[in-house]
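One-letter residues, chain by chain:
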Amino acid sequence: MGPGPKPDAEPGPKPGPGPGAKPDSEAGSKLGSGPESELGSESGSKPDAEPGSEPDAESESKLGSEPGAKPDSESPSKPDTEPGPKPDAEAKIKPDAEAGASGGWAYSGSGAGAPLLADLRAEPPAPVRAATLWAVLATGVLSMLLLGEGLALNLLIVAVPAALAAHFAAETAGRRPRPWSWAWAAGGLALLAVPALSDAGWTSFLAIVAAVALGSLALHGSRTWIGILLSPLGLYDGIFSGLRWGWRGVRERTSGARGAGPVLRAVGIAAALLLVFGALFAGADAAFADLLGELIPDASLTGSPWRVLLLIAGMVGALAVARAAASPVRWDRLVVKPGRARGRVEWALPLIVLNVLFAAFNAVQLAVLFGGYDTVLDKTGLTYSAYARQGFWQLLLATLLTLVVIVFALRWAPRGGAQDRTLVRAVLGTLCVMTLVVVASAVRRMDMYVEAYGLTRMRISVVAGELWLGVIIVLIMAAGVWGARWLPRAVAASAAAGVLAFGLLTPDALIAERNVRRYEETGKFDLDYTRQLSADAVPALDRLPEPVRSCALREIADDLDGGDAPWFATSLGESRARRIIEDRPLRVDATLCGARRDTSDTSY
């Protein structure tokens, strides 16, 4: 320990109610730190508590529960990974009285002008071990060799050594992964399988973004709302600090004549010589280039600057991941003060009125919307598609606003005792049930519109989003019964699972399948929109009769003729499409394929 004062020896009153404590009628703890303060809050940290210490008592927060526990009985929330060595002085969460009377962000500083990340980081990173450096080097080399041709299975291959670098760094720092960390890591790797299976770039992009988010959760062990939202920012912090950390480790291991230094120097020199002279010889002789092409992905000199950039990017990214694993940013230390508890009438009356409005709307939906096409025309005077299209976006917005209402209602809910808890659960539980009917109505409206005009990417995406909002409503209802400590991570897991399922279902294939079936039933087909689909749609479009089949597949076939990508940069959907088109070549020339589309059916 350094010469500075220990946290336990700091002057001031011991943790307890203190002058700033609120009575039981008000929430005296902050969001994410006080027991049963509001939905999704977790047991808080004592001012003198070390990060990662076991809680004294588990306190679940439920819908409408009262504080009940005094600050002396509060328990720190456990991160998903055990911390390593303790720093000389731990940053502490300020009590409510010190955080200020106004709401908003609160964190304890280690001194005047101390940077925020210095207060939130748990401990300085342990020295870099050789295994971490080797994993970082492997990530860079694989990035250079595999990522220049596109994204497919190669992305998952590159992610494996990067994950190993994080594992070795965390192990050196003494951090033991918890079950949630393993779940986040496994989910992130599973999401990276989507580009290997699907040729659609938009679903692959969603999967990659979700994989990065899950990876950041695995590294930081966040479990509160704020921690889960801000975890990806810790990776950006690790980029520059990771470079300094990695450079110190390399210098320590190459400064002496013993150990890994000579080996690292020899391997680095050998790799540089092979790269430079191999590229030159491959550019000078085609036969030698063909020989090297069978052994390594690319031995030409053409893309050398791009590949060097990929090498650097891969190593920097792996170092950032390893640095975050060795010393994560404890975003859970950021807290938000809860709102002031309101009286029963002031709180419940607006929500009861809203429930009555929801009930009236849902009664109309059950009588009109689910009554069929004739009922829609008789009751509204609108066309079938106009009625369905008119209401979907309003219902989607109503679902989002309902979630906002629930958040603020829980923030200001009365917390005086068991009667208040019963009131909150009854009112908000009713609102959640009513909202589920709104979700079902919105999905049904979109289904009606798809029956009339076919399926598009926008339509399938917004339906998936609406269904996910319904899942969140169900999770909130479950939190009102069993406690909400698990709710932030459950919502994050549901989002990741939704993105994974969305990618594995290959939306372009579903769109093509639905539109081909519509063509078989009605003879209507939007040829212009079909041309925008990816190679995932080829198996369904292959069922179309000629000449519609050849016209629908023409642009996809032209894209596939652009050149054969290596096996590691070719998705399963692209490979399947190539085989289908090779087995049944297109028969109609592109000049004979005119635009064929329905009117006003692909605006969204």
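I will try to describe carefully the structure that is included in this document. Here the structure is a predicted model, which means the values were calculated and not measured. (Residues numbered from 1 in each chain as written. Predicted model: local features only at pLDDT ≥ 70, side-chain atom pairs only at ≥ 80, totals over all residues. Heavy atoms only, no water.)

### What to know about the overall build of the protein chain
No. 1: Helices and strands together make up the secondary structure of the protein chain, namely 23 helices and two strands.
No. 2: Burial analysis of the protein chain (604 residues in total) assigns 46% to the buried set.
No. 3: For the protein chain, restricting intrachain contacts to residue pairs at least 6 apart in sequence, the fraction spanning at least 24 positions comes to 80%.
No. 4: In the form shown here, the protein chain has an accessible surface area of approximately 28,500 Å², with 65% of it arising from carbon and sulfur atoms. (Helix = DSSP H or I, 4+ residues; strand = E, 2+ residues; numbered from the N terminus. Buried < 20%, exposed > 50% of the residue type's maximum accessible area, 1.4 Å probe, protein only. Contact = heavy atoms within 4.5 Å. Areas by Shrake-Rupley, 256 points an atom, 1.4 Å probe, with all protein chains shown as cover.)

### Brief notes about the environment of threonine 132
No. 1: For threonine 132, the position within the fold is in helix H3 (residues 130-146).
No. 2: With a relative accessible area of 1%, threonine 132 lands in the buried category.
No. 3: When the C-alpha atoms of threonine 132 and proline 161 are compared, they prove to be 9.2 Å apart, with 29 residues separating the residues in sequence.

### Some remarks on helix H16 (residues 418-453)
No. 1: In a regular helix each residue adds 1.5 Å, so 36 residues correspond to 52 Å; H16 covers 52 Å between its end C-alpha atoms and thus fits that length.
No. 2: Backbone geometry just downstream of H16 places glycine 454 in the positive-phi region, at approximately 90°. (Expected span 1.5 Å × (residues − 1).)

### Describing the packing of helix H5 (residues 179-191) against helix H7 (residues 201-220)
No. 1: Across the interface, H5 lies against H7 with an axial gap of 8 Å and an inter-helix angle of 160°. As the angle between them shows, H5 and H7 are arranged roughly antiparallel. Judged by the sense of rotation from one axis to the other, the crossing of H5 with H7 is left-handed. Residues Ser181, Trp184, Ala185, Gly187, Gly188 and Leu191 of H5 form the contact with H7, whose own contacting residues are Ala207, Ala210, Ala211, Leu214, Leu217 and Ala218.
No. 2: Here the contact of H5 with H7 is built from residues that sort into nine nonpolar, three polar and no charged. (Axes fitted to C-alpha atoms, helices over the stretch in contact; angles between N-to-C directions. Parallel < 35°, antiparallel > 145°, perpendicular 65-115°, else oblique. Left-handed = near helix turned anticlockwise from the far one by under 90°. Nonpolar A, V, L, I, M, F, W, Y, C, P; charged D, E, K, R; others polar.)

### Digging into a negative patch on the surface
No. 1: On the surface, Glu555, Asp558, Asp559 and Asp561 cluster together into a negatively charged patch.
No. 2: Following the sequence through the fold, glutamate 555 ends up in helix H22 (residues 548-560). (Patch = residues over 30% accessible without salt bridge, like charges linked within 9 Å, V, L, I, M, F, W, Y side chains within 5 Å. Salt bridge = Lys/Arg side-chain N within 4 Å of Asp/Glu carboxyl O. Lys, Arg positive; Asp, Glu negative; His and termini not counted. Charge placed at Lys NZ, Arg CZ, Asp CG, Glu CD.)

### Some thoughts on the pattern of salt bridges
No. 1: Enumeration according to the criterion identifies 15 salt bridges in this entry.
No. 2: Between arginine 129 and glutamate 171 there is a salt bridge, with the nearest N and O atoms lying 2.8 Å from each other. Taken together, the residues arginine 129 in the loop between helix H2 (116-120) and H3 and glutamate 171 in helix H4 (residues 153-172) connect sequence positions 42 residues apart.
No. 3: Between arginine 549 and aspartate 542 there is a salt bridge, and its shortest N-O distance comes to 2.7 Å. Of the two residues, arginine 549 and aspartate 542, neither departs from the other in class, the shared state being buried.
No. 4: A network of salt bridges, in which partner residues are shared, links Arg444, Asp447, Glu451 and Arg514.

### Quick look at the packing of aromatic side chains
No. 1: In the structure shown here, the tally under the stated rule is seven aromatic pairs.
No. 2: A ring pair is formed by tryptophan 180 and tryptophan 184, whose centres lie 5.0 Å apart and whose planes are at 35°; its orientation type is tilted. Of this pair, tryptophan 180 and tryptophan 184 both sit in helix H5, four residues apart, roughly one helical turn.
No. 3: Looking at tryptophan 180, the relative accessible area reads 30%, which means it is partly exposed.
No. 4: Between tyrosine 449 and tyrosine 453 the ring centres are 5.2 Å apart and the planes differ by 55°, which places this aromatic pair in the tilted class. A residue pair is termed a helical-turn pair when its members lie 3 or 4 positions apart in one helix, as tyrosine 449 and tyrosine 453 do in helix H16 at four residues.
No. 5: Given a relative accessible area of 2%, tyrosine 449 falls into the buried group.
No. 6: Take tyrosine 453: its relative accessible area is 25%, and that puts it in the partly exposed class.
No. 7: Across from the ring centre of tryptophan 412, 5.3 Å away, lies the NZ or CZ of arginine 342, which sits over that ring. (Phe/Tyr/Trp six-rings, centres within 6.5 Å; stacked < 30°, edge-to-face > 60°. Lys NZ or Arg CZ within 6 Å of the ring centre and 35° of its normal.)

### Quick notes on the nonpolar core
No. 1: In terms of nonpolar packing, the biggest core is built from 65 residues, with Trp347, Leu428, Phe525, Leu541 and Leu544 touching the most fellow members.
No. 2: No other element matches H16, which puts eleven residues into this core. (Core = buried A, V, L, I, M, F, W, Y, C linked by side-chain atoms within 4.5 Å.)

### Comments concerning H4
No. 1: Here H4 spans 30 Å end to end across 20 residues, near enough to the 28 Å set by a 1.5 Å rise per residue.
No. 2: Buried within H4 are the following residues: Asn154, Leu155, Val158, Ala159, Pro161, Ala162, Ala165, Ala166, Ala169 and Ala170.
No. 3: One or two residues past the end of H4 sits glycine 174, with phi positive at roughly 80°.

### Let's talk about unusual backbone geometry
No. 1: Note the cis peptide between glutamate 546 and proline 547, where omega equals 5°.
No. 2: Here proline 547 lies in the loop between helix H21 (538-541) and H22.
No. 3: For threonine 506, which is not glycine, the phi torsion reads 50° and is therefore positive.
No. 4: With respect to the secondary-structure elements, threonine 506 resides in the loop between helix H18 (487-504) and helix H19 (507-522).

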